[in-house]
Amino acid sequence: MKITDAKVNVCSPGRNFVTLIIYTDEGIYGLGDATLNGRELAVVSYLEDHLIPCLMGRNPFDIEDIWQYFYKGAYWRRGPVTMSAIAAIDMALWDIKGKALNTPVYNLLGGRSRHGVMVYGHANGRDIEHTIEEVGKYIDKGYLAIRAQSGIPGLKSTYGVSRDKMYYEPAEKGLPVENEWSTEKYLIHTPKLFKKLRDVYGDDPHFLHDCHHRLTPIEAARLGKELEPYHLFWLEDTVPAELQEGFRIIRQHTTTPLAVGEVFNTIYDCTTLITEQLIDYIRMTVLHGGGITPLKKVAAFAEIYHVKTGCHGATDLSPVNMAAALHFDTAINNFGIQEYMLHTAETDEVFPHNYYFEKGYLHITDAPGLGVDINLKLAEKYPYEPAYLPINRKLDGTMFNW
């Protein structure tokens, strides 16, 4: 079998997606997600101008060698554009191999370690009472784990709190929107949210919370300590993790489990975090982490240090990536939880897939490959539209570090 062609599709069924399709001389094709929120066309160029020409004539079964070729051969390594492009190729190759061997990808990764993948949904509201109401809707739908976010009194808008319930999309069309931020207001408000949630729903639901990298280490330590009575499943992205050593301060002061990594691209972004056991969950994605091939190695490395996975699963990752994540989650031993944000009906129509939700878990069938496809004709109805994640500023106008 040889690779004969590869095409990149860009469409926007509710939001922008970049999809790589690799074709072979035996009529089998594979799909890979190459979406990089707010920088989609940069990945398109990297694929079309630099990687796809090097794919032609290669054996698609040589997944490890092809991954190493694109990672090591470019000299300029890492970064979100490079790794998203490599990940799309990697996903597509696993999809091709599964289809060619008539088996789901999880069988190629060692087989099932579990029968279902526990997921968490996003409940958020304009205030505490509204968030409590939204959490109840998820519990009624059978979710065992819910991420809870609330608007903050005194702030006009808060990143992570959506206008549309159940279909939260953080990117907005046009130039970036600017949100305002007050750390002190947030630190005072958030423990009140989780006290009320436990008062209303008791101890059984798993509750999670995302700080969106907006704290300093000592501020994160304070928040984690104050949230300890409400036993969160995790506290996510407390601080920007470029300085991995900053998590030492947080770890010294709180036993609240910590999660980070959705913006990581390689294992080198988290070696200190993992080896010093400064986190409990690594959140790298199949897409932004370079594909299934390297992420399986990250998971194996993390397992040695009692760190579990909790892959990012926002709406800016297409059903192609979600399918790849679920095969990965199903196969590895140290899986923790999977983020699951519902796509729009239009997205689900463009990307028909075989995974489904039931009683708090996502399940995949035994369809060959990744078990997801793309309707290219329907995708034509949804052309690309520029969209960006919002910008954060403090109340005094200072640009805020994510």
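A short tour of the structure in this document, coming up. In this text, all values refer to a predicted model and were calculated from it rather than measured experimentally. (Residues numbered from 1 in each chain as written. Predicted model: local features only at pLDDT ≥ 70, side-chain atom pairs only at ≥ 80, totals over all residues. Heavy atoms only, no water.)

**Things to note about the pairing of strand β8 (residues 206-210)**
Line of reasoning, step 1. Among the five residues of β8, four are classified as buried, and the element is accordingly described as predominantly covered.
Line of reasoning, step 2. The pairing of strand β5 (residues 145-150) with β8 spans three bridges and is parallel. Across the sheet, the residue bridging to I146 is F207, located in β8.
Line of reasoning, step 3. One ladder, built from three bridges, connects β8 with strand β9 (residues 234-236); its direction is parallel. The residue bridging L208 from the neighbouring strand is W234, located in β9. (Buried < 20%, exposed > 50% of the residue type's maximum accessible area, 1.4 Å probe, protein only. Helix = DSSP H or I, 4+ residues; strand = E, 2+ residues; numbered from the N terminus. Pairing = 2+ DSSP bridges.)

**Section: the nonpolar core**
Line of reasoning, step 1. L20, I22, L47, I89, F194 and F247 are the most contacted members of the largest nonpolar core, which has 113 residues in total.
Line of reasoning, step 2. In terms of residues, this core owes the most to one element, helix α3 (residues 80-100), which gives eleven residues.
Line of reasoning, step 3. Setting aside chain neighbours within four positions, we find I89 in contact with L20, I22, L47, L51, L55, I66 and F70.
Line of reasoning, step 4. If you look at the next biggest cluster of nonpolar residues, it comprises nine residues, including A145, L208, W234 and I337. (Core = buried A, V, L, I, M, F, W, Y, C linked by side-chain atoms within 4.5 Å. Contact = heavy atoms within 4.5 Å.)

**Some details on empty space enclosed by the protein**
Empty space among the atoms becomes visible once a probe the size of a water molecule is rolled across them.
Line of reasoning, step 1. This structure, assessed with the given rule, holds five cavities of 30 Å³ or more.
Line of reasoning, step 2. One number sums up the size of the second largest cavity: a volume of about 40 Å³.
Line of reasoning, step 3. With three residues, the top contributor of residues to the lining of the second largest cavity is helix α10 (residues 292-304).
Line of reasoning, step 4. In terms of residue class, the lining of the second largest cavity is built from seven nonpolar, one polar and one charged. (1 Å grid on protein atoms, 1.4 Å probe; cavity = no way out; pocket = protein on both sides within 12 Å on 5 of 7 lines; lining within 4 Å. Points joined across faces, edges and corners; volume = space filled by probe spheres on them. Nonpolar A, V, L, I, M, F, W, Y, C, P; charged D, E, K, R; others polar.)

**Observations regarding the sheet that holds strand β2 (residues 17-24)**
Line of reasoning, step 1. Spatially, three strands are ordered β1-β2-β3 in an open sheet, and the strand pairing comes out antiparallel. On the outer flanks of this sheet lie β1 (3-11) and β3 (29-33), each paired with one strand and no other. Pairwise comparison of adjacent strand axes, ignoring direction, gives a mean angle of 20° for this sheet.
Line of reasoning, step 2. Across the sheet, helix α1 (residues 40-55) is in contact with β1 and β2; its angle to β1 comes to roughly 175°. (Axes fitted to C-alpha atoms, helices over the stretch in contact; angles between N-to-C directions.)

**Quick look at the pattern of salt bridges**
Line of reasoning, step 1. This structure, assessed with the given rule, holds 17 salt bridges.
Line of reasoning, step 2. In this structure, E385 and K173 form a salt bridge, with 3.1 Å as the shortest nitrogen-oxygen distance. Of this pair, E385 sits in the loop between α13 (376-379) and β16 (387-388) while K173 is found in strand β6 (residues 172-173), placing the two residues 212 residues apart along the sequence.
Line of reasoning, step 3. The partly exposed category is assigned to E385, whose relative accessible area is 33%.
Line of reasoning, step 4. Looking at K173, the relative accessible area reads 54%, which means it is exposed.
Line of reasoning, step 5. Overlapping salt bridges, with partners in common, bring together E236, E262, R283 and E339 in one network. (Salt bridge = Lys/Arg side-chain N within 4 Å of Asp/Glu carboxyl O.)

**Quick look at the pairing of strand β4 (residues 117-125)**
Line of reasoning, step 1. Counting buried positions over the nine residues of β4 gives nine, a clear majority of the element.
Line of reasoning, step 2. Of the two faces of β4, the one carrying V117, V119, G121, A123 and G125 and the one carrying M118, Y120, H122 and N124 are both buried.
Line of reasoning, step 3. Inspection of the sheet shows β4 paired to strand β15 (residues 361-363) by two bridges, in the antiparallel sense. Bridging across to β15, V117 finds its partner in L362.
Line of reasoning, step 4. Sheet analysis places β4 next to strand β13 (residues 338-339), joined by two bridges and oriented parallel.

**Describing unusual backbone geometry**
Line of reasoning, step 1. Here N102, not a glycine, exhibits a phi torsion of approximately 55°, which is positive.
Line of reasoning, step 2. Here N102 shows up in the loop between α3 and α4 (105-108).
Line of reasoning, step 3. Given a relative accessible area of 59%, N102 falls into the exposed group.
Line of reasoning, step 4. In this structure, H306 is a non-glycine residue whose phi angle is positive, near 65°.
Line of reasoning, step 5. Residue class for H306 comes out exposed when judged on its relative accessible area of 66%.

**Some words on the packing of aromatic side chains**
Line of reasoning, step 1. The full count for this structure, using the stated rule, is 14 aromatic pairs.
Line of reasoning, step 2. Ring centres of Y75 and W76 lie 5.0 Å apart, and the angle between their planes is 90°; on these two criteria the pair is classed as edge-to-face.
Line of reasoning, step 3. What makes Y75 exposed here is its relative accessible area of 65%.
Line of reasoning, step 4. Where W181 meets Y186, the ring centres are 4.9 Å apart and the plane angle is 50°; that geometry is what we call tilted.
Line of reasoning, step 5. Y186 sits in the buried class, given a relative accessible area of 3%.
Line of reasoning, step 6. Among the aromatic residues, those joined into a cluster by ring pairs are Y120, F233, W234 and Y281.
Line of reasoning, step 7. One cation-aromatic arrangement involves K99 over Y29; the distance from NZ or CZ to the ring centre is 4.4 Å. (Phe/Tyr/Trp six-rings, centres within 6.5 Å; stacked < 30°, edge-to-face > 60°. Lys NZ or Arg CZ within 6 Å of the ring centre and 35° of its normal.)

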